[in-house]
2 protein chains.
Amino acid sequence: MSKGRVTVVDIARAAGVSKSTVSLVLQSSPLVNEATRAKVTAVIRDLGYVYNRGAANLRQSASSRIIGIVVNDLTNSFFAELAVGMDMVMQSAGYVQFLSNSAESVDRQREVIASMREHGISGLILSPARGTEAADLKPLVASGIPVLAVVRNVVGAKVSTLFSDNYAGAMDAVGHLIGLGHRRIAFLGGMANTTVFAERTAGWRDALNKAGIPASDDLVIASTASRAGGVAAVERALQLPEPPTAALCFNDAAAFGVCDGLRAKGKEPGRDFGVVGFDDVIEAETAVPALTTVSVDPQGMGRRAAQMLLKQINAGRAEPEAIVNSVRLVVRESCGAGGNGGARRMLA
Amino acid sequence: MSKGRVTVVDIARAAGVSKSTVSLVLQSSPLVNEATRAKVTAVIRDLGYVYNRGAANLRQSASSRIIGIVVNDLTNSFFAELAVGMDMVMQSAGYVQFLSNSAESVDRQREVIASMREHGISGLILSPARGTEAADLKPLVASGIPVLAVVRNVVGAKVSTLFSDNYAGAMDAVGHLIGLGHRRIAFLGGMANTTVFAERTAGWRDALNKAGIPASDDLVIASTASRAGGVAAVERALQLPEPPTAALCFNDAAAFGVCDGLRAKGKEPGRDFGVVGFDDVIEAETAVPALTTVSVDPQGMGRRAAQMLLKQINAGRAEPEAIVNSVRLVVRESCGAGGNGGARRMLA
DNA sequence: GCAGATAATTGGATCGTTCCAAATTTGTCA
DNA sequence: TGACAAATTTGGAACGATCCAATTATCTGC
């Protein structure tokens, strides 16, 4: 009764079989007789038995059915949705996940990964904190645990990757703004000297060049990749001698900030200024004006990441693979293309 | 070498001591000689030893240093921040957390809790899915695992609770709007027949009654507790024969939706209509207009929840406690009190 | 140099499961 | 009924750490 937890031995005794048989029932082996199985199952229910996965994991075979997920900023809805996507797949696959936030601190990230490792994760999905080095992941990959870097990369690390097609997405978005008649198009928000920033600005630059428009460096205004960062960036943009009439923003959070900043200056986003975001977070659709944005589908990307990792775990030892998640421009209202053909109006 | 993982026995052999000594070193016991400790520590580093917590947890004493967190909607930034707050405390305390999203499904919630239990969590923080019953938590509490319900309650469950003071917060918010001169104040958004909804509308009603203003039921417009729900609710509100001039919204997400809906109808929130939210999510401060809201401080609440749970885990067997997290009205711009005393202007 | 204390170390036995080889039961057919 | 195969069941030895009781090394003071 109160003598600690119920174990297979207790079940065995109560059902009048051996612990081996109980074990076979637990893993629904076809070897056991139906009558026995029924009897054991009943006893398991009656005694309120709880399977002890920790004990099972002791034997060096079989995976722990635990994976680790570490993201750099869970308060950003992009990452929250990414996590939700992963959670869905993991739940259906019968896995549980340690989920932690590194808050852009490589130290916290290192600690939390170490802790997860001690608990025996069989795989790790990491959206690395800024400044993560290949060495940080070395021991993990050396011990044969599949690691998947998402969203951002870790230079030199031999891990699988899943990134979105930042370059193509930015190209498309800027191309669309050019098609609407814009000639001075800024790139607002985001921390410079990150790979993602470099890729998105490269797309911005090449789209302008392709259209024969000079891509002037003062139209690239970095800041934090947040709502507050967007406000700050657009403020500076509007103070330029020749201010832009539209902008591709580093991400949706920054884009919302840009909208806020425009309104604070008496300009209505979508009418007086074209705004395009990046990510397509859930609020993008319902915001006013609805945000035109490069849809990365964070939940979908999360699901895909989870599937990739599970595949690698099941495959035993697979070579790292690099996948780019294609993106697509979702035209809504904030770019000024909202049905009434009003884009050119802004340029008057 | 490649013969599986490195264990205490390997360390012991390499360092020329017994596994018991290695174990003592691992738990930094004062019993071991400094020289020995140094030698063992060096070997541990050299061989790349990884502590196997699962093995240690087998012995019935000692906690697993794992807790479970299950929230009903991680895509809502309120819960994401709540989770981040918990994560902070847990990380510092040397715990890791399973973090999962129930997406308001009691089935998923049940499964994920069962799974966490098999993995040996030593405590659970739950923001319950709608429809959670006391029976769902019964086995968990019966086995002596501390459970803490946050944000929402589970009627009849003998667990600790941490809720925000919904009634007082709503009272304050509505009182403030009345002070600004409003007489027709709506309550917008949120799912009716939840406890939180009942508490907030009760505060709304009593504040109106206290001021001698009749609290008419058609001013309470329920919908989902999301941005989209806010848009829908304010649309209906503005179609009333005698439309409101201000509103307390169920939460910040709904409040942002209300702002969107107002703009869609050509009304500027904060100037033409007073809007007050509830939660004080991170975007509330930087939105335009900055959202006046009842600050629950989700991160702080998360930290507090984590501390409560840890306390109970360490206390061994503590009685469930019920704590209400006090809230405070943060006056920003969306209510129309933004410095220029313009509130009464809306009523002209 | 030796008793007595203190410091440091060490073999098992144990936790709850899985897995293997071996044992037992049941079934089939001549 | 006996021989053989197939279907079930079962002890015990892992897995990797902890903890207790017992042992050995080191230190006192005289």
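Residues numbered from 1 in each chain as written. Chains lettered and ligands numbered in written order. Predicted model: local features only at pLDDT ≥ 70, side-chain atom pairs only at ≥ 80, totals over all residues. Heavy atoms only, no water.

Enquirer: I tried to follow the sheet that holds strand β12 (residues 328-330) of chain A on my own but got confused; where do I start?
Expert: Strands pair in a sheet through their backbones, by hydrogen bonds, and they do so in one of two ways: parallel or antiparallel. All names here are of chain A. If you trace the six strands from one edge of the open sheet to the other, you get β7-β6-β8-β9-β10-β12, paired in mixed fashion. With one partner strand each, in any of the chains shown, β7 (220-221) and β12 form the two edges of the open sheet. Across three bridges, the pairing between strand β8 (residues 246-249) and strand β9 (residues 274-279) is parallel. Note on β9: the bridge partner recorded for Ala247 is Val275. Each of β6 (185-188), β7 and β9 is contacted by helix α9 (residues 195-210), which is oriented at about 180° to β6, the strand it contacts most. Running at roughly 160° to β9, helix α11 (residues 252-264) makes contact with β6, β8, β9 and β10 (292-295) of the sheet. (Pairing = 2+ DSSP bridges. Helix = DSSP H or I, 4+ residues; strand = E, 2+ residues; numbered from the N terminus. Contact = heavy atoms within 4.5 Å. Axes fitted to C-alpha atoms, helices over the stretch in contact; angles between N-to-C directions.)

Enquirer: How should I be thinking about the protein's contact with DNA strand C in this particular structure?
Expert: Taken together, 29 residues sit near DNA strand C, with Val8, Ser23 and Tyr49 of chain A together with Thr21 and Thr36 of chain B positioned nearest. Between a base oxygen of DNA strand C and a side-chain N or O atom of Arg59 of chain A, the distance comes to 2.8 Å. Mapped by element, the contributors of at least two residues to the surface near DNA strand C are α2 (19-26) and α4 (53-58) of chain A together with α2 (19-26) of chain B. In terms of residue count, the dominant contributor to the surface near DNA strand C is α2 of chain B (four residues). Tallied by class, residues from the surface near DNA strand C come to 12 nonpolar, 12 polar and five charged. (Near = heavy atom within 4 Å. Polar contact = N/O pair within 3.5 Å; in protein donor to acceptor, adjacent residues only side chain to side chain. Nonpolar A, V, L, I, M, F, W, Y, C, P; charged D, E, K, R; others polar.)

Enquirer: Would you mind showing me how to read the protein's contact with DNA strand D here?
Expert: With respect to spatial proximity, 28 residues lie near DNA strand D, and among them Ser20 and Thr36 of chain A together with Val8, Ser23 and Tyr49 of chain B are the closest. Tyr51 of chain B is positioned such that a nitrogen or oxygen atom in its side chain is 2.8 Å from a phosphate oxygen of DNA strand D. At the level of secondary structure, the elements contributing two or more residues to the surface near DNA strand D comprise α2 of chain A together with α2 and α4 (53-57) of chain B. In terms of residues, the surface near DNA strand D owes the most to one element, α2 of chain A, which gives four residues. Split into classes, the residues belonging to the surface near DNA strand D amount to 12 nonpolar, 11 polar and five charged.

Such coordinate-based values are descriptive only and should not be taken to indicate function.
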